[in-house]
Amino acid sequence: KLFSNRSMCHARMARWPQSHCDASAALHLWPGWTKAQYRLTEALANSGQLKAALVQARKAREGALKGEVGDISGLQARTLGKALRADGKTLKDFDNGFDVEKAPPEQQ
């Protein structure tokens, strides 16, 4: 828990590289820990590594307990919003839907 808590402290001070390192260390020690996955997703997203953050958020949701899914989903939605804005897109661009199966691998 030490590394995850320290990751949170770094995040609160917007020290994203340090937050990333500590979240990674926490995951190395406890690979399935959702809170550490959340911290890593947050650090990646705020470091501008949006695609990696979305991949990490998906992993976190897959292993999350029922009570943790809401927090992970919220972070995933915020990260997706950042990624869309960074790409110059809005949700209106997807009014006709988006088929993940037909998307290029980097968008899945």
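Preceding block: the structure.
Quantities reported herein were computed from a predicted structural model and do not represent experimental measurements.

Novice: What am I meant to see in the environment of Val 55 here?
Specialist: Within the secondary structure, Val 55 is located in helix H4 (residues 50-63). Residue class for Val 55 comes out partly exposed when judged on its relative accessible area of 46%. Distance from Val 55 to Gln 76, taken between C-alpha atoms, is 9.4 Å for residues 21 residues apart in sequence.

Novice: Explain the side chain of Ser 7 to me, please; I cannot follow it from the model alone.
Specialist: Inspection of the secondary structure assignment puts Ser 7 in helix H1 (residues 2-12). With a relative accessible area of 0%, Ser 7 lands in the buried category. Excluding its chain neighbours within four sequence positions, the residues that come into contact with Ser 7 are Ser 19, Asp 22, Ala 23 and Arg 39.

Novice: What am I meant to see in the environment of Asp 71 here?
Specialist: Within the secondary structure, Asp 71 is located in helix H5 (residues 69-86). By relative accessible area, which is 54% here, Asp 71 ends up exposed.

Novice: Mind showing me how you'd approach the nonpolar core here?
Specialist: What tends to happen in soluble globular proteins is that the nonpolar side chains get buried as a cluster. One finds Ala 23, Ala 26, Leu 27, Trp 33, Ala 36, Leu 40, Leu 44, Ala 45, Leu 50, Ala 53 and Ala 83 forming the largest nonpolar core, which totals eleven residues. What Trp 33 contacts, discounting residues up to four positions off in sequence, is Lys 1, Ser 4 and Leu 27.

Novice: For this particular structure, what's the right way to read the packing of H4 against H5?
Specialist: The relative placement of two packed helices is expressed as an angle between their axes plus a distance between the axes. The interhelical angle for the contact between H4 and H5, taken along N-to-C directions, is 160°, at an axis separation of 9 Å. Classified by the angle between their axes, H4 and H5 sit roughly antiparallel to one another. As H4 packs across H5, the resulting crossing turns out to be left-handed. Across the interface between the two elements, Leu 50, Ala 53, Leu 54, Ala 57, Arg 58, Ala 60 and Arg 61 of H4 pack against Val 69, Ile 72, Ser 73, Gln 76, Thr 79, Leu 80, Lys 82, Ala 83 and Ala 86 of H5.

Novice: Is there a simple way to explain the environment of Asn 5 in this structure?
Specialist: The topology assignment puts Asn 5 in helix H1. With relative accessibility at 37%, the residue Asn 5 sits in the partly exposed group. Residues Asn 5 and Ala 36, spaced 31 residues apart in sequence, show a C-alpha to C-alpha distance of 8.8 Å.

Novice: Please clarify how H4 should be interpreted in this entry.
Specialist: Every α-helix winds through 3.6 residues per turn, so residues three or four apart in the chain are directed the same way. The terminal C-alpha atoms of H4, which comprises 14 residues, lie 20 Å apart, in line with the 20 Å expected from a rise of 1.5 Å per residue. The complete set of buried residues in H4 reads Leu 50, Ala 53, Gln 56, Ala 57 and Ala 60. Buried residues along H4 cover an arc of 115° about the axis, so they all sit on one side. Those residues of H4 that are exposed and angled more than 90 degrees off the buried face are Lys 51 and Glu 62. The inward-facing, buried residues of H4 contact helix H2 (16-29), helix H3 (34-46) and H5.

Thresholds, definitions, all that
Residues numbered from 1 in each chain as written. Predicted model: local features only at pLDDT ≥ 70, side-chain atom pairs only at ≥ 80, totals over all residues. Heavy atoms only, no water. Helix = DSSP H or I, 4+ residues; strand = E, 2+ residues; numbered from the N terminus. Buried < 20%, exposed > 50% of the residue type's maximum accessible area, 1.4 Å probe, protein only. Contact = heavy atoms within 4.5 Å. Core = buried A, V, L, I, M, F, W, Y, C linked by side-chain atoms within 4.5 Å. Axes fitted to C-alpha atoms, helices over the stretch in contact; angles between N-to-C directions. Parallel < 35°, antiparallel > 145°, perpendicular 65-115°, else oblique. Left-handed = near helix turned anticlockwise from the far one by under 90°. Expected span 1.5 Å × (residues − 1). Arc of directions from axis to C-beta.

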